[in-house]
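# Tertiary structure, described
Below, each chain spelled out in residue letters.
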Amino acid sequence: MHIIEATGLSYRFSRNDRPVLDNIQLQVKEGSIYGFLGPNGAGKTTTLRLILGLLRKQEGDISIFGEAFGRRRVALLRRIGTLIESPSVYGHLTATENLAVWQKVFQCPRSRIAEVLKIVGLQDTGSKKARQFSLGMKQRLGIAAALLHQPDLLVLDEPTNGLDPAGIVEMRELLKKLNKEQGITILISSHLLPEIEKLATDVGIIHRGQMLFQGTLEALMQRQRQASRIVMETGDNPAALQLLAGLHIPARMEDNGISLAAAEKSVLADINRQLVLQGIDVWRIAAVEEDLESVFMNLTNTN
Amino acid sequence: MTLSFIHSFQSEWLKSRRSLTSWLVIIGGFFIPLIFFIGRIVYREKTAAESASPEFWQNLAGQCWQLMALFLLPMGIILATSLITQIEFRNNTWKQVHTTPQSYSVIFWGKLAVIMAMLVQFFILFNIGIFLAGALPALLFPAIDYPQQPFPFRFFWDTGLRFFIASLPIVAMQYLISLQFRNFFVPLGAGIGLLLASLTVLEWEYGYLLPYSYSPYNFFILRGADMKALAGTDLEWYALGYSVLFIAVSFVLYIAKKDKG
């Protein structure tokens, strides 16, 4: 079952502007950690704001927990915890008072305030006002607010912004734990691939308002493996290319030699043997491994 | 609906804790009575004579309200309403408020109810302040007699109610503007502009049509002017009419807002 299903989402801020979102399809599976990835300004926050009703929908449909969001907004929001962009904290209140503001609305037990403060490591902030908090502390308070009412779905927009490296690791572990132990589905946006790579089970890649990829992290890695190739340098590259064509192996000439798709070791050994038998010197045969970052860059650069 | 409104009100009330507005209400409520209290203990001989007056409480309350009515009360309301409404813009929290399980109307009325509650709080504190300014000097200094006139509850209630109603159009208009604009100086500037415009045309025959004019007009009523003769009807009806209109427009604009945080 899809916890979030957005189909055909398009949005433009004014009639004459180009669309900031163009026919977005986004499906978040139950129990998944969905990493919503894209460079700054790609349309991640706009998509999340549309999903949560912060922006009025122009085109497309949004359903959450199988129900149309527009009609059941209040009931659905009761099951969702959110953190959108920069943290929302009342600077003149303490961490506990900030959470008490939301506790009154959600009507969850008051004891939850201490629990979530402990979860995010802010239990010792006492009477310190939130305006005196560092950005990372504010971000953690935002996470605490999102967790307060024990939601079934967390929608987090760049939650690691402002966190130090240790904080990022802690946040990642916390989200994994919530997902694993409490079954909370998480939709998390980020512009940092390594962050998503270490956390997500599913990935959506958005760029310039268009969804370039959506699938499991495994499917994205498969694409990475497929993108890996072999580069070969010989004493006579045109002759070598001709020989490969004769062997029905697709290859193309590049600046630094001949490029062909990744192949089994035995196939490479055979190619090498054939080249030598034809009197072509083989100077180098090397595997070029594409990392996920290159896949991401390729996806976003070609669109 | 009622329950979620109560929860929303509680949540909004918590936000106002230790805010500038809450201090404004307390300081604003006691400021003028404190001046009168100090005046009464500094000029004790005059105070002793005043205490014997059969209209002691009316005189004291009238003087306090006159100082308040012309500028301080409207200005305080402009500031307080704008500040409390702008809490969300200032703290970047509209997006969080609008992703809580509350209908937009509950959020709208919850916020407005807190502003109204703070206004009532101000009126209560102001009246307590007037009472203390009248009663305390006698308790502190034996030379001053306790006011001989029985405390006129009805007069205090009527005067307070008249000023409360006169304040409503200002609250409604400031609420409307503050919900729409992120920049705090927009509601503040608009409020000061409307107040100055109202003060400028007070003596114009149609001056009562300006929605910020009713508190200043009450200043003249306290001084004995017959404003009903000028407006053709009680000014309270104009004030209530404007308040309903502004709140209705504010509600429609708030609900129709495309970008909610």
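Read on for an overview of the structure.

Conventions adopted
Residues numbered from 1 in each chain as written. Chains lettered and ligands numbered in written order. Predicted model: local features only at pLDDT ≥ 70, side-chain atom pairs only at ≥ 80, totals over all residues. Heavy atoms only, no water. Pairing = 2+ DSSP bridges. Helix = DSSP H or I, 4+ residues; strand = E, 2+ residues; numbered from the N terminus. Contact = heavy atoms within 4.5 Å. Axes fitted to C-alpha atoms, helices over the stretch in contact; angles between N-to-C directions. Buried area = accessible area lost by both parts, 1.4 Å probe. Salt bridge = Lys/Arg side-chain N within 4 Å of Asp/Glu carboxyl O. Polar contact = N/O pair within 3.5 Å; in protein donor to acceptor, adjacent residues only side chain to side chain.

## A short note on the sheet that holds strand E1 (residues 2-11) of chain A
Residue and element names in this part refer to chain A. Pairing is antiparallel in the open sheet, where 4 strands are placed in the order E2-E1-E4-E5. Of all the strands in the sheet, just strand E2 (21-29) and strand E5 (67-68) have a single pairing partner and so form its edges. Lying on the sheet, helix H1 (residues 44-51) is in contact with E1, E2 and strand E4 (59-64); it crosses E2 at an angle near 65°.

## Some details on the interface of chain B and chain A
At the junction of the two partners, chain B supplies 30 residues and chain A supplies 32 residues. The junction of chain B with chain A conceals about 2,800 Å² of combined surface from both sides, 54% of it contributed by carbon and sulfur atoms. Viewed at the interface, chain A and chain B are joined by 3 salt bridges. Between Glu-97 of chain A and Arg-17 of chain B there is a salt bridge, with its nearest N and O atoms 3.5 Å apart. The tally of links from chain B across to chain A stands at 23 residue pairs in polar contact (both at pLDDT 80 or more). Broken down by secondary-structure element, the contributors of at least two residues to the side of chain B that touches chain A are helix H1 (2-15), helix H5 (87-91), helix H6 (94-97) and helix H12 (235-256) of chain B. Tallying contributions element by element places H1 of chain B first for the side of chain B that touches chain A, with 5 residues.

## Side note on the sheet that holds strand E14 (residues 282-288) of chain A
Residues and elements named next belong to chain A. The sheet built from 4 strands is open, its strands ordered E12-E13-E11-E14 with antiparallel pairing. The two strands at the open ends of the sheet, each matched to only one other strand, are strand E12 (251-254) and E14. Each neighbouring strand pair of the sheet contributes to a mean axis angle of 25°, computed without reference to strand direction. In terms of strand pairing, E12 meets strand E13 (residues 257-261) through 4 bridges, oriented antiparallel. Paired with Ala-251 across the strands is Leu-260, a residue of E13.

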